[in-house]
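Observations on chain architecture
Next come the chains, spelled out residue by residue.
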Amino acid sequence: MTTTNTAVDNGVNVDALLGVRAALPDAPEIAQFQWRTTVSWINGTHSQSTVDTFHGFGEPQQHKSKFTYDADHPLAFAAQDNGATPVEYVLVALGGCLTAGVASIAQQRNIQLHSVQATIEAQHDLHGILGADPDVRNGFSGVKVTYTIDADATADEIRALVAQSQKRSAVFDILTNPTDVTVDVA
Amino acid sequence: MLKTTTIVVGAGHTGLAISRCLADRSIDHVVFERGEVAHSWRTQRWDSLRLLTPNWMTRLPGFAYRGEDPDGYLTASETAQLIENYAKDSAAPVRANTTVVSVRPVERGYVVQTDQDTWHARTVVSASGGSAVPHLPPLHYAVPAGITTLTPAQYRNPAELSEGGVLVVGASASGVQIAEELHRSGRPVTLAVGEHVRMPRTYRGKDILWWMDASGLLDERYDEIGDLSRARSLPSMQLVGSPERRTVDLNALRRLGVRLVGRLAGIRDGAAQFSGSLANMGALADLKLGRLLDTFDTWAAEANVDGLGAPERFAPTEVPAPAQLALDLRSGEIRTILWATGFRPDLSWLQVPVFDRKSRVRHDGGVTASPGLYLIGMPFLRRRKSSLIDGAADDAADVTDHLACYLASD
């Protein structure tokens, strides 16, 4: 149970989020977002992606600064290891999304967090991407996330934070449900 | 044009409850019913269906269950008979076999067009049901040819289905009940499970509905809870009314041999795709049930309730690991898909601008923005119990209060 007398502060502006939700009935179109990245091949399996602009709240938006991400394959694949592998970025995205959810929901539920750690492990059978076994899929065979959370809350309240975070997570949904993807050549 | 003060659309238990309240205030009215009284209870229920609420909870304005089995659960035909008896007891002005085609606003009221006559009424109450028509997800169009699909409104009993496997989509009351019955009949059932409300039939020796009623949970008001739109869209509880008061949660179904898979997320190239979120769906429901039982235990301790068994907690929902993510619908393994994916109102006849962008009527406790137009019998209309038979009395009284004030001021 929350027993602290001071205001709970996980650094999340829940009021702003709830304000957006409250505005939606009158302006549902502001909820329509488009996310973007551009990617350039460098050499070998090394590519660099940038994230800069997106569209949302009814107008063009821009990050505070341009972010760049190097993706490559590890030395064990006879590559140069200039960055995380693309599948690892998927884990980064899942962890970032779920953890943002934990913090936001904790704030909303008046639970002070002290530390939140997660390890994310994906099982991956390379028979799939190497074309060595048609019965094995290209993607992960499973993903396991383990949270360790120190908070002013009961064990069940913490479990409920993590469960609710999954329920409201974009990346969890993207990973667990099919998404229509089209790839064109311009 | 025929005239009356109030027209009630639908002669189920809510329409008759409103009628009784209107009669008590001598408000002139008629009740239109497309079929006979309790039409959907006669025509759209499977053979084994019983109410989810125990008989003692079958309480309507001026009328209640008076049989010898207060802790039992009425069958569909017994429910239809009870509602018919209520209509007779009330001498309700029901016009049976009269379908409302349209309701349109006019000067000082509404014009109600039926397939028989045209009426003018100063006020209209829609009591046509919050669960009038089965709702199917858009992906039902992608089901391969050769598979029979049906809804709980069409389903009667296992013998009407082909032998062979059945995919039941949805694990709320209808889904778990039908899944259990079909699996017991020898048709292997795969149950696609999304968000659901786990509920034991009994707790500490009492029916779970007794706890909800006695602790005041069912009386929670729509204007006093945090997230009303969520409360109004909650799936039905995983309950069945049975003489042995059995529980039909996912663990019970899994023990029977029902295969649990995640929410049906897509059908692509003839294969059903299931969400990988099954474990979390189970965890969410377990945690929510735990919180509910905590509130019951706290209430029972504070209220000094005697004669209860010891508090207990139920085993966590066990889901298969790894979860099955796909199922070939063209292999012949699945012969039938049953869409237990919820019900929606059918207000297509209501030609009044009171709908939101998702075609739901905007209302404040059943009072719409169109003066004199009311709604009753919808989930959490005014109270948590609004969708139960037992919820009709309080809601009907409140809506009638408002309606009478409106008539007096108009």
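Residues numbered from 1 in each chain as written. Chains lettered and ligands numbered in written order. Predicted model: local features only at pLDDT ≥ 70, side-chain atom pairs only at ≥ 80, totals over all residues.

1. Looking at the overall build of chain A
Quick reminder of the rule: Secondary structure elements follow DSSP: runs of H or I no shorter than four residues count as helices, runs of E no shorter than two count as strands, and numbering proceeds from the N terminus. Exposure in this text rests on C-beta crowding, where 20 or more other C-beta atoms within 10 Å of a residue's own make it buried, 12 or fewer make it exposed, and counts in between make it partly exposed. The C-beta atoms are placed from the backbone. Any residue pair is listed as a contact if its two C-beta atoms, each placed from the backbone, are within 7 Å.
The secondary structure content of chain A amounts to four helices and five strands. Secondary structure elements in chain A, listed N-terminal to C-terminal, are α-β-β-β-α-β-β-α-α. With the C-alpha coordinates of chain A rotated into their principal frame, the extents come out at 55 × 40 × 30 Å. Across the 186 residues of chain A, 16% fall into the buried class. In chain A, of all internal contacts separated by at least 6 residues, the share reaching a separation of at least 24 is 50%.

2. Concerning the overall build of chain B
Put simply, the rule reads: Put simply, the radius of gyration uses C-alpha atoms, and a globule should come to 2.2 Å times the residue count raised to 0.38.
Secondary structure summary: chain B contains nine helices and 21 strands in total. Taken over C-alpha atoms, the radius of gyration comes to 22 Å for chain B, in line with the 22 Å a tight globule of 410 residues would show. Per-residue burial over chain B gives 45% buried out of 410 residues. Long-range contacts, defined as pairs at least 24 residues apart, comprise 70% of the intrachain contacts of chain B with a sequence gap of at least 6.

3. Quick look at the packing of helix H1 (residues 13–24) of chain B against helix H3 (residues 76–90) of chain B
Residues and elements named next belong to chain B. In plain terms, the rule: Orientation is described by axes fitted as lines to C-alpha atoms, over the contacting stretch for helices, and by angles from 0 to 180 degrees between their N-to-C directions. In these notes the angle categories are as follows: under 35 degrees is roughly parallel, over 145 is roughly antiparallel, 65 to 115 is roughly perpendicular, and the rest is oblique. For any helix crossing, the convention is left-handed if the near helix is rotated counterclockwise from the far helix by under a right angle, and right-handed if that rotation is clockwise. Under the grouping applied here, Gly and all other residues not named as nonpolar or charged are polar, the nonpolar ones being Ala, Val, Leu, Ile, Met, Phe, Trp, Tyr, Cys and Pro and the charged ones Asp, Glu, Lys and Arg.
Following both chains from N to C, one finds H1 and H3 inclined at 15°, their axes separated by 10 Å at the closest point. Our classification of the angle between H1 and H3 gives roughly parallel. Crossing handedness for the pair H1 and H3: left-handed. Along its contact with H1, which presents His-13, Leu-16, Ser-19, Arg-20 and Ala-23, the element H3 presents Ile-83, Tyr-86, Ala-87 and Ser-90. Residue composition of the contact of H1 with H3, by class: five nonpolar, three polar and one charged.

4. Some details on the nonpolar core
In a soluble, globular protein the nonpolar side chains are often hidden away together inside. All names here are of chain B. Let me state the cut-off plainly: In this usage, the nonpolar core is the set of buried Ala, Val, Leu, Ile, Met, Phe, Trp, Tyr and Cys residues whose C-beta atoms join them within 7 Å.
Within the largest apolar cluster, 125 residues are counted, with the highest numbers of intra-cluster contacts made by Ile-18, Val-168 and Leu-191. Among the elements that make up this core, the one with the highest residue count is helix H8 (residues 278–302) (eight residues). Those residues within four positions of Val-168 in sequence are excluded, and the remaining contacts are Gly-175, Ile-178, Ala-179, Val-189, Leu-191, Leu-338 and Ala-340.

5. A few points about the sheet that holds strand E10 (residues 148–150) of chain B
All names here are of chain B. Note the threshold: Being paired, for any two strands, means DSSP has found at least two bridges between them.
Strand order in this open sheet of five strands is E10-E19-E11-E12-E15, and the pairing throughout is parallel. Edge positions in the open sheet fall to E10 and strand E15 (259–262), since each of these has one partner strand only. Within the sheet, the average angular offset between the axes of one strand and its neighbour, ignoring direction, is 20°. Note that strand E12 (residues 189–193) and E15 share four bridges and pair parallel. Residue pairing across strands places Thr-190 opposite Arg-259, the latter belonging to E15. Of the strands in this sheet, strand E11 (165–169), E12 and strand E19 (334–339) touch helix H4 (residues 173–184), which is tilted by about 165° from E12.

6. Examining unusual backbone geometry
Residues and elements named next belong to chain B. Here Ala-321 and Pro-322 are connected by a cis peptide whose omega angle stands at -5°. In this structure, Pro-322 sits in the loop between H8 and strand E18 (326–328). In this structure, Ser-26 takes a positive phi of about 55° despite not being glycine. In this fold, Ser-26 is placed in the loop between H1 and strand E2 (29–32).

7. Considering the domain arrangement of chain A
Residue and element names in this part refer to chain A. To keep it simple, the criterion reads: Residue ranges assigned to each domain were obtained from an automatic or database domain assignment.
Domain annotation of chain A identifies domain 1 (33–84) and domain 2 (85–180). A separation of 21 Å is found between the C-alpha centroids of domain 1 and domain 2. Taken residue by residue, the interface counts five residues in domain 1 and four residues in domain 2.

8. Observations concerning the sheet that holds strand E2 (residues 46–56) of chain A
Residue and element names in this part refer to chain A. As summarised here, the arrangement of the three strands in space is E1-E2-E3, forming an open sheet in which the pairing is antiparallel. Sheet topology places strand E1 (38–43) and strand E3 (59–71) at the edges, where each strand pairs with a single neighbour. In this sheet, neighbouring strand axes are inclined to one another by 10° on average, regardless of whether the strands run parallel or antiparallel. As judged from the nine bridges shared by E2 and E3, these two strands associate in the antiparallel manner. Residue Gly-56 lies in a different strand from E3, and its bridge partner there is Glu-59.

9. Notes on the interface of chain A and chain B
At the junction of the two partners, chain A supplies 12 residues and chain B supplies 14 residues. Here the side of chain A that touches chain B is built from residues that sort into five nonpolar, four polar and three charged.

10. With respect to the domain arrangement of chain B
Residue and element names in this part refer to chain B. Considered domain by domain, chain B is made up of domain 1 (2–132 + 345–409) and domain 2 (135–339). Between domain 1 and domain 2, the C-alpha centre-to-centre distance is 28 Å. Listed per partner, the contact involves 21 residues of domain 1 and 26 residues of domain 2. Taken together, the residues that form the side of domain 1 that touches domain 2 break down as nine nonpolar, five polar and seven charged.

11. Some details on H4 of chain B
Residues and elements named next belong to chain B. Using the following cut-off: One less than the number of residues in a helix, times 1.5 Å, gives the span that helix is expected to have.
Taking 1.5 Å per residue as the helical rise, H4 with its 12 residues ought to reach 16 Å, and the 17 Å between its terminal C-alpha atoms agrees with that figure. Extensive coverage of H4 is indicated by the burial of 11 of its 12 residues. Of the positions making up H4, those classed as buried are Ala-173, Ser-174, Gly-175, Val-176, Gln-177, Ile-178, Ala-179, Glu-180, Glu-181, Leu-182 and His-183. Those residues of H4 that are buried are in contact with E11, E12, helix H7 (250–256) and E19. Directly after H4, the chain includes Gly-186, whose backbone phi takes a positive value near 100°.

12. Focus: the pairing of strand E8 (residues 118–126) of chain B
All names here are of chain B. Of all nine residues in E8, seven are buried; the element is thus mostly enclosed. Sheet analysis places strand E1 (residues 2–9) next to E8, joined by seven bridges and oriented parallel. Residue pairing for E8: Thr-6 is matched across the bridge by Thr-123. As judged from the four bridges shared by strand E7 (residues 109–114) and E8, these two strands associate in the antiparallel manner. Among the inter-strand pairings, Tyr-110 is bridged to a residue of E8, identified as Ala-121. One ladder, built from three bridges, connects E8 with strand E21 (residues 373–375); its direction is parallel. For Val-125, the partnering residue across the bridge sits in E21 and is Tyr-374.

13. A word on the pairing of E19 of chain B
Residue and element names in this part refer to chain B. Burial analysis of E19 places five of its six residues in the buried class, which makes it a mostly covered element. Looking at chain direction, E10 and E19 are connected through three bridges and run parallel. Each residue of the ladder has a partner; that of Thr-149, found in E19, is Ile-337.

14. Digging into the environment of Trp-56 of chain B
Residues and elements named next belong to chain B. Inspection of the secondary structure assignment puts Trp-56 in the loop between helix H2 (39–43) and strand E3 (59–60). Since 18 C-beta atoms lie within 10 Å of it, Trp-56 is described here as partly exposed. A sequence separation of 154 residues divides Trp-56 from Trp-210, and the C-alpha atoms of the two residues are 9.5 Å apart. Trp-56 has contacts with Tyr-65, Pro-70 and Asp-71, leaving out every residue within four places of it along the chain.

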